[in-house]
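Breakdown of the fold
Here's the letter readout for the chains.
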Amino acid sequence: MSTTAATGAHERATITTNGSEMVITRTFPASADLVFEAMTNPEHIRRWWGAGHGEMTVCEVDLREGGAWHFAQRADSSGEEVSFSGHYRSIDRPGRLVHTERFDNIDSPYSVIDTTYVEEAGRTTLRAVITYDSPETVQAVIDSGMEHGLQSSYDAIDDVLAELTAAR
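Everything in this summary refers to the structure shown in the same document. Treat the numbers as computed from the prediction; the structure is a model and nothing was measured. (Residues numbered from 1 in each chain as written. Predicted model: local features only at pLDDT ≥ 70, side-chain atom pairs only at ≥ 80, totals over all residues. Heavy atoms only, no water.)

Let us look at the pairing of strand β4 (residues 54-61). The pairing of β4 with strand β5 (residues 68-75) spans seven bridges and is classified as antiparallel. Among the inter-strand pairings, Cys59 is bridged to a residue of β5, identified as Phe71. (Pairing = 2+ DSSP bridges. Helix = DSSP H or I, 4+ residues; strand = E, 2+ residues; numbered from the N terminus.)

In structure tokens form, the structure reads like this:
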């Protein structure tokens, strides 16, 4: 089992791996409902997904059990488009979301992401348990640099949450 923490000026995400699982934990300064909203509404997703790494070219969300999602982004550095997609398995707003995800650029298997949102004193702790097909896939994801992109995206969610909180 290994644990690392992403770096950034905001709260830090903790990433723990064990076999075929990766667990990401991060606390956000907002209610569970607002965090859920920021992470599932295309209007908000466009502002944080892949933050600072390129232009989001596709942001499709059919937020219902059995519904699909698809995000794509053109990388600033290379011009290459990266694409991810999956399906929603279970939605219990604002406490839990279960969905699949795969990296569309290569023939990759789907992972299952089981995310819980626990609110306490106006702050919400996200805990995402991601189950991959193998420990090797977990290591490949870590080696891809996902940690930096994850932290940048979560920092951008903080900015979205600040605006959503101020608007209420």
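Of note, Gly67 is situated in the loop between β4 and β5. With a relative accessible area of 0%, Gly67 lands in the buried category. Each C-alpha atom, one on Gly67 and one on Gly86, is 8.6 Å from the other, the two residues being 19 residues apart in sequence. (Buried < 20%, exposed > 50% of the residue type's maximum accessible area, 1.4 Å probe, protein only.)

Turning to its location among the elements, Leu150 is positioned in helix α4 (residues 146-167). The class of Leu150 is buried, set by a relative accessible area of 12%. Counting along the chain gives 102 residues from Leu150 to Trp48, while the straight-line C-alpha distance between them is 9.9 Å. Setting aside residues up to four positions removed in sequence, Leu150 forms contacts with Ala13, Ile15 and Ile24. (Contact = heavy atoms within 4.5 Å.)

Quick look at the packing of aromatic side chains now. Evaluated as defined, the whole model comprises six aromatic pairs. Where Phe36 meets Tyr117, the ring centres are 5.5 Å apart and the plane angle is 65°; that geometry is what we call edge-to-face. Of this pair, Phe36 sits in helix α1 (residues 32-40) while Tyr117 sits in strand β8 (residues 111-120), and the two are 81 residues apart along the sequence. Judged on exposure class, the residue Phe36 and its partner Tyr117 are both buried. Ring centres of Trp49 and Phe71 lie 5.4 Å apart, and the angle between their planes is 65°; on these two criteria the pair is classed as edge-to-face. Within this pair, whereas Trp49 is found in the loop between α2 (42-48) and β4, its partner Phe71 is found in strand β5, the two being separated by 22 residues in sequence. Looking at Trp49, the relative accessible area reads 15%, which means it is buried. An aromatic cluster is built from Trp49, Trp69, Phe71, Phe84 and Phe103, whose rings are joined through pairwise contacts. Geometry around Tyr110 places Arg102 over its ring, the cationic atom sitting 5.5 Å from the centre. (Phe/Tyr/Trp six-rings, centres within 6.5 Å; stacked < 30°, edge-to-face > 60°. Lys NZ or Arg CZ within 6 Å of the ring centre and 35° of its normal.)

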